[in-house]
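Residue-level structural notes
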Amino acid sequence: MDETVGGHAAVAIDLGERSYDILIGRGLLDEGQSFDGLPAAACAVIVSDSNVAPLYAQRVASALAGRYPRLLQIELPAGEAHKDWAALNKIFDALLAAGCDRKSVLFALGGGVVGDIAGFAAACYMRGVPFVQVPTTLLAQVDSSVGGKTAINHPLGKNMIGAFYQPLRVVADLATLDTLPPREVSAGLAEVIKYGAIADDAFLGWLEAHVAALLARDAAALAFAVRRSCEIKASVVGQDEREGGLRAILNFGHTFGHAIESGLGYGEWLHGEAVGCGMVMAADLSARLGLIDAAYVQRLTRLVARAGLPVVGPVLGPERYLELMRVDKKAEGGTIRFVVIEAPGRAAVREAPDELVAAVIDAHCA
Ligand SMILES: NC(=O)c1ccc[n+]([C@@H]2O[C@H](COP(=O)([O-])OP(=O)(O)OC[C@H]3O[C@@H](n4cnc5c(N)ncnc54)[C@H](O)[C@@H]3O)[C@@H](O)[C@H]2O)c1
Ligand SMILES: [Zn+2]
């Protein structure tokens, strides 16, 4: 599925008429070519946040110069705590106030928060306008910008209000990672480790050998990690776009992780931090279900810790965790469903008895 576009790596995501390319490379933001071939429109809008806009919005605007008669910029407040109705409405208000029509193109420039909100806005505005993901965090480049899940949070549950809506293209400029705070690099590595755990044990081995290089932002290591992660995500989403089954494995670590995020209040722990710790808990649950051995749990725990991620969860009490996990989108009729590791590089979705889950929580939260 690998190709090259304009000298940069590209991963194709194959979804019939909704297929698109993920362009990956250093310097893509400044290359007009990155944005060639998108639909013509009277109005284009760069949606970004208060951290990313000052760094990169002008560069994207320059690359888009001359293509659209009107180019608007919308700046949302940064952070998971603002992945909400107010931010979404801010986009609609700006689009309507400017008279943007239903062919307007939205560019989501930022991390997963901007991508998820702007993608959802694109899905809803005038029943759907085209949009392009321009991810600037490691997490967004390896995960959230790819695959078409868009959403905002609700106080009662994460990502509860949203839509499946695919972008026309993903433009992942690896050079934007140079300005990312170290804590955000670690958070992105959580999702990268996830791909190794669920789909590619050799990649997990590569990560064990290169985690220090990745934390040091070695360009070649980052390029490989982003590309391999996108290939795995593209393959899973290509087989199951709307999560009828297989796609659920991409939520490894997320049932525990989402409970941590919403239990502590959004933004307290980063999404990737909660997922890192959640993967350790989900691996332990897999071992307690007799699927994998304790050595694998230790191996994954070590890698998560080396990536700079927490491996001990916050004390919310097992009852609170279970209550939060029952509103998880994978839960059906109140029965919680967990992504478990069946064998290194292979995942599945299982139910687990509450007592076993409570034992995992007790063992990993202090
Ligand atoms: N849609 C999906 O499939 C999917 C998948 C995984 C995660 N997500 C969602 O993604 C979100 C997390 O995304 P995130 O980790 O990118 O968080 P984020 O969007 O909050 O970005 C992290 C922080 O880094 C800043 N930032 C972004 N790019 C920067 C850069 N290049 N230089 C300096 N600062 C920069 C942001 O302003 C923010 O403060 C969560 O809401 C999660 O639910 C969605
Ligand atoms: Zn995630």
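Our structure is the block above this text.
Residues numbered from 1 in each chain as written. Chains lettered and ligands numbered in written order. Predicted model: local features only at pLDDT ≥ 70, side-chain atom pairs only at ≥ 80, totals over all residues. Heavy atoms only, no water.

This part is about the overall build of the protein chain. Counting its secondary structure elements, the protein chain contains twelve helices and twelve strands. The C-alpha atoms of the protein chain give 20 Å as radius of gyration, which agrees with the globular expectation for 366 residues (21 Å, within 12%). Counting only C-alpha atoms and orienting by the principal axes, one finds that the protein chain spans roughly 60 × 40 × 35 Å. Each of the 366 residues in the protein chain was classed as buried or not, and the buried ones make up 57%. Of the contacts formed within the protein chain by residues at least 6 apart in sequence, a portion of 75% connects residues at least 24 apart. (Helix = DSSP H or I, 4+ residues; strand = E, 2+ residues; numbered from the N terminus. Rg over C-alpha atoms; globule rule 2.2 N^0.38 Å. Buried < 20%, exposed > 50% of the residue type's maximum accessible area, 1.4 Å probe, protein only. Contact = heavy atoms within 4.5 Å.)

Counted under the stated rule, the structure contains seven aromatic pairs. Note on Phe35 and Phe107: the rings are 5.9 Å apart at their centroids and 80° apart in plane angle, and the pair reads as edge-to-face. Note that Phe35 is positioned in the loop between β3 (20-25) and β4 (43-49) and Phe107 in strand β6 (residues 105-110), a separation of 72 residues in sequence. Given a relative accessible area of 0%, Phe107 falls into the buried group. A ring pair is formed by Tyr68 and Phe107, whose centres lie 6.1 Å apart and whose planes are at 65°; its orientation type is edge-to-face. Of this pair, Tyr68 sits in the loop between α1 (52-64) and β5 (70-76) while Phe107 sits in strand β6; the two residues are 39 residues apart in sequence, bridging distant segments of the chain. Taken together, Phe35, Tyr68 and Phe107 form an aromatic cluster joined through their ring pairs. Its guanidinium or amino end placed over the ring of Tyr195, Lys194 lies 5.0 Å from that ring's centre, counting from NZ or CZ. (Phe/Tyr/Trp six-rings, centres within 6.5 Å; stacked < 30°, edge-to-face > 60°. Lys NZ or Arg CZ within 6 Å of the ring centre and 35° of its normal.)

By nearness alone, 28 residues border ligand 1, and Asp49, Glu80, Thr137, Lys158 and Thr179 come closest of all. Considering ligand 1 on its own, with 870 Å² of exposed area, one finds that the protein chains cover 91% of that surface. Mapped by element, the contributors of at least two residues to the shell around ligand 1 are α1, α3 (112-124), α4 (138-144), β9 (157-164) and α5 (182-199). Here the residues of the shell around ligand 1 sort into eight nonpolar, ten polar and ten charged. (Near = heavy atom within 4 Å. Areas by Shrake-Rupley, 256 points an atom, 1.4 Å probe, with all protein chains shown as cover. Nonpolar A, V, L, I, M, F, W, Y, C, P; charged D, E, K, R; others polar.)

With that settled, the discussion passes to unusual backbone geometry. Phi angles above zero are rare outside glycine, and Met126 is one such case at about 50°. Along the chain, Met126 falls in the loop between α3 and β7 (131-135). Accessibility expressed as a relative area gives 41% for Met126, which makes it partly exposed. Phi angles above zero are rare outside glycine, and Glu243 is one such case at about 55°. Within the secondary structure layout, Glu243 lies in the loop between α7 (219-239) and α8 (254-264).

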